[in-house]
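# Structure assessment
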Number of protein chains: 2
Amino acid sequence: MADIMEIPEARAFILHWGEMGSEWGVNRSVAQIHALLYLSDKPRHAEDICEKLGLARSNVSNGLKELQSYQIVRRVHMEGDRRDHFIADTDLWDMLMKITAERKRREIDPTIQLLGELAESLDKRDDVPAHVRERVGRMHDFIGNLANWYADVRRLPKSTLVTLMKLGGRVARLLPGSKA
Amino acid sequence: MADIMEIPEARAFILHWGEMGSEWGVNRSVAQIHALLYLSDKPRHAEDICEKLGLARSNVSNGLKELQSYQIVRRVHMEGDRRDHFIADTDLWDMLMKITAERKRREIDPTIQLLGELAESLDKRDDVPAHVRERVGRMHDFIGNLANWYADVRRLPKSTLVTLMKLGGRVARLLPGSKA
DNA sequence: TCTCTATTTCTGTAATTACAGAAATTCGGG
DNA sequence: CCCGAATTTCTGTAATTACAGAAATAGAGA
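As the structure is a prediction and not an experimental result, all values here were calculated from the model.

This brings us to the overall build of chain A. Regarding its fold elements, chain A presents seven helices and three strands. At 22 Å, chain A has a C-alpha radius of gyration far larger than the 16 Å of a compact globule built from 180 residues. When the backbone C-alpha atoms are referred to their principal axes, chain A occupies close to 65 × 50 × 30 Å. In chain A, the proportion of contacts linking residues at least 24 apart, taken out of those at least 6 apart, comes to 52%. Within the structure as shown, chain A displays about 9,600 Å² of accessible surface, and the carbon and sulfur contribution to it stands at 50%. Charged side chains in chain A number 28 positive and 27 negative. The centres of these two groups are separated by 4 Å.

For the rest of this paragraph, the subject is the protein's contact with DNA strand C. Within the structure, DNA strand C sits among 17 residues, and Ser29(A), Ala56(A), Asn59(A), Lys65(B) and Asp84(B) are positioned closest to it. Close to the protein, within 4 Å, the atoms of DNA strand C belong to sugar or phosphate groups at a rate of 71%. With respect to DNA strand C, the side chain of Ser58(A) contributes an N or O atom lying 2.8 Å from a base oxygen. Asn59(A) places a polar side-chain atom, nitrogen or oxygen, 2.7 Å from a phosphate oxygen of DNA strand C. Among the elements that line the surface near DNA strand C, the one with the most residues is helix H4 (residues 57-69) of chain B, at five residues. Here the residues of the surface near DNA strand C are counted per class, giving two nonpolar, eight polar and seven charged.

Attention shifts here to the interface of chain B and chain A. Listed by partner, the interface residues are 61 residues for chain B and 61 residues for chain A. A buried area of about 5,800 Å², summed over both sides, lies between chain B and chain A, and 75% of it is on carbon and sulfur atoms. Broken down residue by residue, the surface that chain B buries against chain A is led by Glu9(B), Trp24(B) and Arg135(B), which jointly contribute 12%. Applying the counting rule to chain B against chain A returns two salt bridges. Across the salt bridge formed by Arg125(A) and Glu9(B), the nearest N and O atoms sit 2.8 Å from each other. Counting only elements with at least two residues in the side of chain B that touches chain A, the list comes to helix H1 (8-23), helix H2 (28-39), helix H5 (92-123), helix H6 (130-153) and helix H7 (158-167) of chain B. For the side of chain B that touches chain A, the residue count by class is 38 nonpolar, twelve polar and eleven charged.

Moving on: the side chain of Asp81(A). All names here are of chain A. By the secondary structure assignment, Asp81 is in the loop between strand S2 (73-77) and strand S3 (84-88). Asp81 sits in the buried class, given a relative accessible area of 18%. Reaching out from Asp81, the side chain makes a polar contact with the backbone nitrogen of Arg83 at a distance of 3.0 Å.

Residue and element names in this part refer to chain A. Taken as a whole, this structure holds six aromatic pairs over all chains when the rule is applied. Here Phe13 and Trp17 contribute two aromatic rings whose centre-to-centre distance is 5.7 Å and whose plane-to-plane angle is 10 degrees, an arrangement assigned as stacked. In this pair, Phe13 and Trp17 are both assigned in helix H1 (residues 8-23), four residues apart and thus about one turn of the helix distant. Note on Trp17: relative accessible area 14%, which makes it buried.

This next bit is on the environment of Arg11(A). Residue and element names in this part refer to chain A. Among the structural elements, Arg11 can be located in helix H1. Under the relative-accessibility criterion, Arg11 is labelled partly exposed at 44%. In this structure the C-alpha to C-alpha distance between Arg11 and Ala119, which are 108 residues apart in sequence, comes to 48 Å.

What follows covers the protein's contact with DNA strand D. Around DNA strand D, the structure places 17 residues, and the nearest of them are Lys65(A), Asp84(A), Ser29(B), Ala56(B) and Asn59(B). In the interface set of DNA strand D, defined as its atoms within 4 Å of the protein, sugar plus phosphate atoms amount to 67%. One of the side-chain nitrogen or oxygen atoms of Lys65(A) is found 2.6 Å away from a phosphate oxygen of DNA strand D. Here a base oxygen of DNA strand D sits 2.8 Å away from a polar atom, N or O, in the side chain of Ser58(B). Secondary structure elements with two or more residues in the surface near DNA strand D: helix H4 (57-69) of chain A together with H2 and H4 of chain B. Looking at the surface near DNA strand D, the element that brings in the most residues is H4(A), giving five residues. Each residue belonging to the surface near DNA strand D can be placed in one class, and the counts come to two nonpolar, eight polar and seven charged.

Cut-offs and rules
- Residues numbered from 1 in each chain as written.
- Chains lettered and ligands numbered in written order.
- Predicted model: local features only at pLDDT ≥ 70, side-chain atom pairs only at ≥ 80, totals over all residues.
- Heavy atoms only, no water.
- Helix = DSSP H or I, 4+ residues; strand = E, 2+ residues; numbered from the N terminus.
- Rg over C-alpha atoms; globule rule 2.2 N^0.38 Å.
- Contact = heavy atoms within 4.5 Å.
- Areas by Shrake-Rupley, 256 points an atom, 1.4 Å probe, with all protein chains shown as cover.
- Lys, Arg positive; Asp, Glu negative; His and termini not counted.
- Charge placed at Lys NZ, Arg CZ, Asp CG, Glu CD.
- Near = heavy atom within 4 Å.
- Polar contact = N/O pair within 3.5 Å; in protein donor to acceptor, adjacent residues only side chain to side chain.
- Nonpolar A, V, L, I, M, F, W, Y, C, P; charged D, E, K, R; others polar.
- Buried area = accessible area lost by both parts, 1.4 Å probe.
- Salt bridge = Lys/Arg side-chain N within 4 Å of Asp/Glu carboxyl O.
- Buried < 20%, exposed > 50% of the residue type's maximum accessible area, 1.4 Å probe, protein only.
- Phe/Tyr/Trp six-rings, centres within 6.5 Å; stacked < 30°, edge-to-face > 60°.

Any link to function would need more than the numbers given here.
Put into structure tokens, the structure is as follows:
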């Protein structure tokens, strides 16, 4: 079993990861490269990734750049080899946190910014229906609150997050004023 | 101000919502229709939506079907009008919950299912590298745990969720064994 | 039941996005 | 400083996805 791509389960994993990416707005090649690196225990260079996944060199180059911008893939240097090599996070908490943080930064934060401007602009006008003003404002507040919650919870240590996750809905029992 | 599309802020909101959809794997027209209905205080019929957004009738028909499958848009009957009319949720918590529930059902649950099968299949083989087996297994457990946590928390009453959100990272202080 | 209108489904096309290969650039080693 | 390998950027093409218009169906009212 010299090659990971000869393991049918690994192939299935990589292909599915690619499809998942597509469904969530991540380019398929990028997700596949990530999946391959996640399953690898040794750093791989770009040419190697091309060969395993059957992608063009340029594609892999761009994909690696994208994954590095999410900070879930890292470049490492291999002794006596000029080529860059790459490895992926294997800690899935870290991975999730980095992905969500980056997507927030890229997509959510600008949305909040825009909604804030629209809400402000609507507040200055008296010729727009009240329900329009109100709904834009409520959307702004809602997404803003979610984002603040996220930014806040994100700072907690991983162990605390794991505890909270195990707790699930029972976290409600800890709230002041809840019975038991 | 007879027409909502004459309010520049409303247009900007709808266009941005469409772009956001694209970035998260939701077709732009679908997201725009949703945004229009969210900003409307009266039910709208399909032809009306076509006209406001400049979309083809078929597109609007499919978009409405999609939004109804998420349960965030509802068909209502208007007295003395044969045409179907549509309204959107205005409660943003409800909306978020319905969207996440549906995406979990469509994309996450099948992924967990597949990962479970792959992990099981790998466990039966002795000719695959241990790290491959381990990493597929860990991914399965991780996503499974997240999904269970979500399903559990989702059942809490909205008011509890709001409380938890306001609490943010301070929720950690309520955990047994934390100081203060 | 028939007719007229609303709605959905189907099909071809347009637009977008992803991709491969080529060209240009960067960078390490001698 | 020059050579050669590695990498990135650029550009045209392929594949996918979204869309418009036409055709088919469903359904209310007479």
